[in-house]
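Descriptive analysis of the structure
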Amino acid sequence: MGGAEPESAEVDRLPGWVTLLRAPNPGPMTLDGTNTWILRAPGAEYATVIDPGPLDEGHLRRIAEHGPFQFILITHGHHDHVEGADRLSDLLGGTAVLAADPAHCRHGEPLDPREHLGGNGLEIQVLDTPGHTRDSVCFLVECGDDRVVFTGDTILGRGTTVVARPDGDLSSYLSSLELLSAYHDVLMLPGHGPARGDTAERARFYLEHRRERLAQVRAAMAAGARTPEAVVDLVYPDIDPNVRFAAEWSAAAQIDHLLRESGTGPDRLDPP
C-alpha cells in the first residue's frame, strides 16, 4: 500500500554488537518474519533482546542460546512480537520482560520514557511512539560511538505500517513520526523488513506517504465515501484481495483522523 521507497539503501551489515534472529512467521503482515534483535556490547556478560516474537519453540531456543540476558524488551503488544516472551523468560530462568503495557511485563516494571536503561555497555532510551498501537515504543540504543533506533512496527524496513483502530490512532502516529524524523543518519532496525541507514529519512518518507493518502481519503469523502469499504474502493482500486482488510483498517483510522481534524469527531464514522 506504499508509494516509491526512499533512496537510502538497505543496510546489509549490522554493528558488531547487534545480532538478528528472524522468526519463522512470514506473511502479508509480517513480511519475511518478525525481527528479533540481540544486543551485546563488546566484552559484556549480559545481552538484551528486543521482541522475542511468536511462540515458536525453535526460535525461542535459538534466542536463549545467546544469553544470559539482562532484559527482554517489547516494542508493542502484537502477538508476533510478544507472544513468545513468557516462554523465553522461563527458558532463561526468569529474565525480566519489560514493555510499556503492564499486561506484557514479567518480573519488572512497565517501561518509562523518562528513564534510561543502562548497564552492560549499552545505554537504552525508551522513545514514546504511540500510534501503531497505544503501547508502541521505540528504543534508541547507544554502544560506544554507535547510535541505533529499533523501531518495532512504528516504521518498517519495507512497505508501510498499518494503523488500525481502535488500538491504533493516526493522529498520535503522525506525532511519533515527527519525533523519529529528528534522528538523522541514525541506523534504523525495524520489527520487520531490512535495516535502513537513516531513521529520519525513513520517518519523513512515512510522513509524506501518510499526507498523500490523507489527501486522497479527504477527496474520497468529499465524493461521498463515508465507510472504510467505500474509501478503499476509491483510493485503493487495485488492492490485493489478500490485504484488503488491512487497507480497510487504515482507511478507518484515516477517516477518524480527518473527522477529528475537521471538528466533527470520529463518532460520525459509520462502523466498518
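Residues numbered from 1 in each chain as written. Predicted model: local features only at pLDDT ≥ 70, side-chain atom pairs only at ≥ 80, totals over all residues. Heavy atoms only, no water.

So, on to the sheet that holds strand β5 (residues 69-73). Pairing is mixed across the open sheet formed by 5 strands, whose spatial order is β2-β3-β4-β5-β6. This sheet does not close on itself; its edge strands, each paired only once, are β2 (18-22) and β6 (97-98). For strand β3 (residues 35-39) and strand β4 (residues 47-50), the ladder comprises 3 bridges, and the chain directions are antiparallel. Looking at β4, one finds that I38 is bridged to V49. Where helix α1 (residues 57-64) meets the sheet, its contacts fall on β2, β3, β4 and β5, and the angle it forms with β2 comes to roughly 165 degrees. (Pairing = 2+ DSSP bridges. Helix = DSSP H or I, 4+ residues; strand = E, 2+ residues; numbered from the N terminus. Contact = heavy atoms within 4.5 Å. Axes fitted to C-alpha atoms, helices over the stretch in contact; angles between N-to-C directions.)

Of all 7 residues in strand β10 (residues 146-152), 5 are buried; the element is thus mostly enclosed. Examined bridge by bridge, strand β9 (residues 137-143) and β10 share 5 bridges and lie antiparallel to one another. Looking across to β10, one finds that F139 is bridged to F150. Between β9 and β10, which pair antiparallel in sequence order, lie 2 residues; one of them, G144, sits at a positive phi of approximately 60 degrees. Here β10 pairs with strand β11 (residues 187-190) via 4 bridges, running parallel. The partner of G152 across the bridge, within β11, is P190. Assessed by its sense of winding, the connection that carries the chain from β10 through helix α4 (residues 170-180) to β11 is right-handed. (Buried < 20%, exposed > 50% of the residue type's maximum accessible area, 1.4 Å probe, protein only. Right-handed = clockwise from strand over helix to strand, strands pointing away.)

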